[in-house]
Structure formats: C-alpha cells, structure tokens
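# Close look at the chain arrangement
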Amino acid sequence: MPNVTVIGAQWGDEGKGKIVDWLSSRADVVVRFQGGHNAGHTLVVGNQTYKLSLLPSGIVRGTLSIIGNGVVFDPWHFRDEVARISAMGVTITPENLAVAEQCPLILPLHRDLDGAREDASGAGKIGTTRRGIGPAYEDKAGRRALRVCDLAHLDDIGPQLDRLLAHHNALRTGFGIAPVDREQLIAELRDVAPSVLPYIQPVWTRLRDAKAQRKRILFEGAQGVLLDVDHGTYPFVTSSNVVAGQAAAGSGMGPNATGYVLGIVKAYTTRVGSGPFPTEQDNDMGERLGQRGREFGTVTGRKRRCGWFDAVLVRQAIAVSGVAGMALTKLDVLDGFETLMICTGYRLDGRELDYLPAHTADQARVEPIYEEFQGWSESTAGARSWAELPAQAIKYIRRIEELTQCPVALVSTSPEREDTILVRDPFVD
Ligand code: GDP
Ligand code: IMO
Ligand code: MG
C-alpha cells in the first residue's frame, strides 16, 4: 500500500503541518480524518507562512485535499479559512478540495457549551481550544448532530433540530445561558451553506478511485497520541481518536489503507492546556526551550508548556498507534544547550515504571528518571543532510531511536519546507 499516515506522537504541535507539506509533493491526495479547527498547522514556504486549522496541509501545494467524515466541521470557520488562504495566492476549488457529506457540524451552540463548561469546571478545567470540538463529537455519538449533508436539506432539518435543541436548551438552562434562537440558527445556516455546498462530495468514492489507480494517499493527523480520547492523558485530552487506525474509519477506507505510519516527534516536549506533564520544566530551562522553539499556540496564542524529551511517552505512543518510523523535528532548537536531559523511566511510590500509568493522579505524581546527555555547540539549523549534523546531535538522534525502539525516517531542522533530512522515504515500500 503506497500510503502514509502522519500522526503526532506527543501532545500535538510536533510539526505535522511542515512534514505533511513536505511529503505532499510525493502524494496525490491528502486527507484529514479526525479533529477539527482545534488543530493549528504552520507551513513556512519561502517568505510566506500559512496557518491551517481545518484545511489539509496539501492544499498549499495544490494537492487534492479531502476533509474526511471523521472531522468535525465548522462551516463558518471553513468559509473564512478558505478565504484567508485563497487571499494568500493558493488556488482552492472543488477540484482540489472536497468535504465529506457525513462530517458533523460544529455550531455556535457547541462553542457556547465548550466555553460554559470550561468556565464552570474549576480545577477540572481541560484548557480546551473552546472551539466546540468536544460538544460536537458528543452530539455525533448522541445521534443528534446536524451534518454537512444537512446544508443541502435545510428545509428538512426540523426533527433533527428538535432533538438537538431539546438537549442543548436543557444544558444551557443549567449553565444560565439563554435558549438557542432556532430561527436565527437556521438563518445563519442558510447564509453559510452556499460557501460549503460546492465542496461537498461522497469523498469515499474519490478515495476508492484513488486506491484503484494506486494513487499515493497521505493521511494528515491532528493533535497527538497523548491527546487521544482512549490512549491519552484522559480526561485532559481531545474528543477524538488520534491514533493511525482512525485514518481508515475517519475517511471511509479499509484498515490497511493507513500504509506506513509516520510519527512526528519533537526533539523535546510541549503541551498546551491542562493535565500531567512529567518532564515539564516550569523554570528558566522551560522558558529557554519555549523562546528558542517559539512555542506559542497557533490556534489560541497560548504559551506552550515546555520540557525535556520523554522517551517513555514517545515509546508508548509509538506502540499504541503502530508507528513504523519517526520524523524528529525542531532538533535545531536544542543547539547550544550544554546539557540535555532525556527521561528514560518513571518512579512512583518507590517502584520503577517503563510506561505512563492510566490514572491522572498517578500521571501527575510520577517522577522522571533522567539520563544526562552532553549537548552540542554547533548549529544544526537549516541542515539538509546527515553530513551537516554535529556528531553529538547524531548521537542524540541515535539515543532517541534506541530508547523509543523506532527508527528515524526524517529530521527537521527549521520551520522552512526544504530544511529537512530524508533518511528513509516513507512512500517507498
Ligand atoms: P503541528 O500542529 O504539529 O502542525 O505543529 P505547529 O505548526 O502547531 O507547531 C510547530 C511549529 O514549529 C511551527 O511554528 C513550525 O513552523 C515550527 N517548526 C516545524 N518544524 C521545525 C523545526 O524543525 N525547527 C524549528 N525551529 N521550527 C519548526
Ligand atoms: P495540532 O493539530 C496541541 C489540546 C487543547 C486541550 C485539549 C482539548 O495543532 O497538534 P479541544 O479543543 O480539542 O477539546 O482541547 O487538547 N489540543 C491541542 N494541543 N495541538 C493541537 O492540535 C491541539 N488540539 C487540541 O489545548 O488541552
Ligand atoms: Mg499545532
């Protein structure tokens, strides 16, 4: 199967967008299969910076881009993102962008609920992007969601709206929010529908045809395995499955469609939002990593929490999502650190663990066991070949491979598209 699935192997923001953009020159189709506009993928091409949240990163090169059924879809955001990226000179038409008919819609009422819940949650606050992702997935599973295909049937949505609003109005009353203005919601949907309708397709047929023609399909994950609703640091996670297996269900292809699973791994660790983070450096070291790595959220502008590389977490993420090879990103951020720490295990109540326990209280209490690693003073920034890397940086990569039991396929050394070292082409069987 000549396909590649790209997923984040930490808490998101590993550099998936850059790698997908780079790989999309080798792909015929790029597919998003989960998440929504909670994602923030940054692509740097020459002097242009593209920030994508809902559109697949392949769109910037004009590669056929598909938003699969597993994505929760905010039509107003879609309209605005298409306009913003088009204004930057990218051609976006129904020829190169298709949206699955089955995507659940994110509505203003989902955003309201996301925000109200966060505000009322006290210490249990998740620190979501407040974009309505969780409530939209809940309504999908609750069988009361409006879907993209409803935008072509706005005269028929009455019964579905009854179910949806009965649920939301009860919750809104509890949170002290006014009930949903049904007529206004319908009017807003009528207003936005023409911006989406041209892109709506039974995308599974395009994927079926692409498969028959042995086209190369690149699946673009959002978030990271530690934010997966099953495998992540629950409840401080997002509301979708992030692991590679979701690429099949979230696009309408069979389970072997995922092909080579490429895990994107940052050379250190970051996290946005609340929740346990064993190797967090809430100190000058964390500040230094954050400043060198420009660690501010693309979606919310929040400062990302920073810490040392955690081999335990990455090894676990690789195992639970079937990663075959890694793209190691942001190696250049570590240039000039005298000493680097790598977490190789945890200590909990006098015991040593080689995995992250499932309970959030235990996750918060584990103490990292560190290995000290001598840094390098030379620059790796912009390196495009192995030969340009200092010996000590190569040693760091080799140590990460050993500890995570996973080979490195790509190394990224700057935000720029071409500053990438290819070790093994993920598209070659
Ligand atoms: P994503 O959500 O996984 O696509 O990652 P984001 O785009 O949210 O965050 C990654 C950030 O790091 C972006 O600003 C990228 O431009 C930048 N970036 C990606 N790869 C590298 C790299 O190798 N070195 C440096 N310095 N920055 C990188
Ligand atoms: P990309 O694709 C980093 C985090 C939020 C919060 C939690 C739940 O750019 O890697 P949600 O709005 O999804 O209900 O928030 O998940 N989160 C991300 N963190 N990168 C992302 O996406 C994220 N998408 C969601 O900060 O902690
Ligand atoms: Mg991001």
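Report follows, based on the coordinates. (Residues numbered from 1 in each chain as written. Chains lettered and ligands numbered in written order. Predicted model: local features only at pLDDT ≥ 70, side-chain atom pairs only at ≥ 80, totals over all residues. Heavy atoms only, no water.)

### Remarks on the overall build of the protein
Within the protein, the secondary structure is distributed over twelve helices and 18 strands. Here the C-alpha atoms of the protein give a radius of gyration of 21 Å, agreeing with the 22 Å that 2.2 N^0.38 yields for 429 residues. A separation threshold of at least 6 residues defines the contact pool for the protein, and within that pool the share at least 24 residues apart is 76%. Working note: accessible area of the protein is about 16,600 Å², and carbon and sulfur atoms make up 49% of it. The positive charge centre, built from 47 side chains, and the negative charge centre, built from 52, are 2 Å apart in the protein. (Helix = DSSP H or I, 4+ residues; strand = E, 2+ residues; numbered from the N terminus. Rg over C-alpha atoms; globule rule 2.2 N^0.38 Å. Contact = heavy atoms within 4.5 Å. Areas by Shrake-Rupley, 256 points an atom, 1.4 Å probe, with all protein chains shown as cover. Lys, Arg positive; Asp, Glu negative; His and termini not counted. Charge placed at Lys NZ, Arg CZ, Asp CG, Glu CD.)

### Some points on the site of ligand 2
Looking at ligand 2, there are 20 residues lining it, with Asp 13, Lys 16, His 41, Thr 129 and Thr 238 nearest. Separating an oxygen atom of ligand 2 from a side-chain N or O atom of Lys 16 is a distance of 2.6 Å. Within the side chain of Thr 129, an N or O atom sits 2.6 Å from an oxygen atom of ligand 2. Of the residues in the shell around ligand 2, the class split is seven nonpolar, ten polar and three charged. (Near = heavy atom within 4 Å. Polar contact = N/O pair within 3.5 Å; in protein donor to acceptor, adjacent residues only side chain to side chain. Nonpolar A, V, L, I, M, F, W, Y, C, P; charged D, E, K, R; others polar.)

### Here's the deal with the site of ligand 1
Looking at ligand 1, there are 18 residues lining it, with Lys 16, Gly 17, Gly 40, Asp 332 and Ser 412 nearest. Between ligand 1 and Gly 15 there is a distance of 2.8 Å, counted from an oxygen atom to a backbone nitrogen or oxygen. Backbone polar atom of Gly 17 to an oxygen atom of ligand 1: 2.8 Å apart, as the coordinates give it. For the shell around ligand 1, the elements supplying multiple residues, two or more each, are helix H1 (16–23) and strand E3 (41–45). For the shell around ligand 1, the element with the highest residue contribution is H1, accounting for three residues. Residue composition of the shell around ligand 1, by class: two nonpolar, nine polar and seven charged.

### Considerations on the coordination of the magnesium ion (ligand 3)
Think of it this way: four donors in a tetrahedron around the metal ideally sit 109.5 degrees apart, and six in an octahedron ideally sit 90 or 180 degrees apart. Looking at the magnesium ion (ligand 3), the protein donor atoms are Asp 13 (OD) and Gly 40 (O), and they sit 2.0 to 2.1 Å from it. Here the residue Asp 13 occupies a position in the loop between strand E1 (4–8) and H1, and Gly 40 occupies one in the loop between strand E2 (29–32) and E3, the gap between them amounting to 27 residues. Judged by relative accessible area, Asp 13 falls into the partly exposed class, the value being 22%. (Donors = N, O, S within 2.8 Å, 3.2 Å for Na, K, Ca; no water. Buried < 20%, exposed > 50% of the residue type's maximum accessible area, 1.4 Å probe, protein only.)

### Considering the packing of helix H3 (residues 108–120) against helix H4 (residues 133–141)
At their nearest, the axes of H3 and H4 sit 7 Å apart, and the two run at 120° to each other. One element, H3, and the other, H4, form an angle in the oblique class. For the crossing formed where H3 meets H4, the hand is right-handed. On H4, the residues touching His 110, Leu 113, Asp 114 and Arg 117 of H3 are Ile 133, Pro 135, Ala 136, Glu 138 and Asp 139. (Axes fitted to C-alpha atoms, helices over the stretch in contact; angles between N-to-C directions. Parallel < 35°, antiparallel > 145°, perpendicular 65-115°, else oblique. Left-handed = near helix turned anticlockwise from the far one by under 90°.)

### Describing H1
Burial of H1 is extensive: eight of the eight residues sit out of reach of the surface. Regarding H1, the residues found buried are Lys 16, Gly 17, Lys 18, Ile 19, Val 20, Asp 21, Trp 22 and Leu 23.

### Let's talk about the packing of helix H2 (residues 75–87) against helix H6 (residues 182–196)
Running from N to C, H2 and H6 point in directions that differ by 45°, and their axes come no closer than 9 Å. Viewed along their axes, H2 and H6 adopt a mutual orientation that is oblique. In the crossing of H2 with H6, the sense of the turn from one axis to the other is left-handed. On H6, the residues that touch Pro 75, Trp 76, Phe 78 and Arg 79 of H2 are Glu 188, Leu 189, Asp 191, Val 192, Ser 195 and Val 196. When grouped by side-chain class, the residues that make up the contact of H2 with H6 number six nonpolar, one polar and three charged.

### Details of the side chain of Asp 332
Relative to the elements of secondary structure, Asp 332 occurs in the loop between strand E13 (325–329) and strand E14 (339–348). In this structure, Asp 332 is buried with no salt-bridge partner, the nearest side chain bearing the opposite charge being Arg 292 at 5.6 Å. With sequence-adjacent residues up to four places away left out, Asp 332 is seen in contact with Arg 292, Thr 380, Ala 381, Ser 412, Thr 413 and Ser 414. (Salt bridge = Lys/Arg side-chain N within 4 Å of Asp/Glu carboxyl O.)

### Focus: the nonpolar core
Formed by 94 residues in total, the largest nonpolar core has its most connected members in Leu 55, Phe 73, Phe 78, Leu 189, Leu 331 and Tyr 396. Sequence-distant contacts of Leu 189, that is, excluding residues within four places in its chain, are made with Trp 76, Leu 105, Leu 107, Leu 146, Leu 151, Leu 154 and Ile 157. Residues Val 6, Trp 22, Leu 218 and Ala 409 belong to the second largest nonpolar core, which totals 16 residues. (Core = buried A, V, L, I, M, F, W, Y, C linked by side-chain atoms within 4.5 Å.)

### Here's the deal with the packing of aromatic side chains
According to the stated counting rule, one finds seven aromatic pairs in the structure shown. Geometrically, the ring pair formed by Phe 33 and Phe 219 is edge-to-face, given 6.3 Å between the ring centres and 75° between the ring planes. Taken together, the positions of Phe 33 in the loop between E2 and E3 and Phe 219 in strand E8 (residues 217–220) put the pair 186 residues apart, joining distant regions of the chain. We note that Phe 33, like Phe 219, is buried. Between the aromatic rings of Phe 73 and Phe 78, the centroid separation amounts to 4.9 Å while the plane-to-plane angle is 45°, which identifies the pairing as tilted. For Phe 73, a relative accessible area of 0% corresponds to the buried category. Among the aromatic residues, those joined into a ring-pair cluster are Phe 73, Phe 78 and Tyr 199. Residue placement shows Arg 288 over the ring face of Phe 337; its charged tip is 4.0 Å from the ring centre. (Phe/Tyr/Trp six-rings, centres within 6.5 Å; stacked < 30°, edge-to-face > 60°. Lys NZ or Arg CZ within 6 Å of the ring centre and 35° of its normal.)

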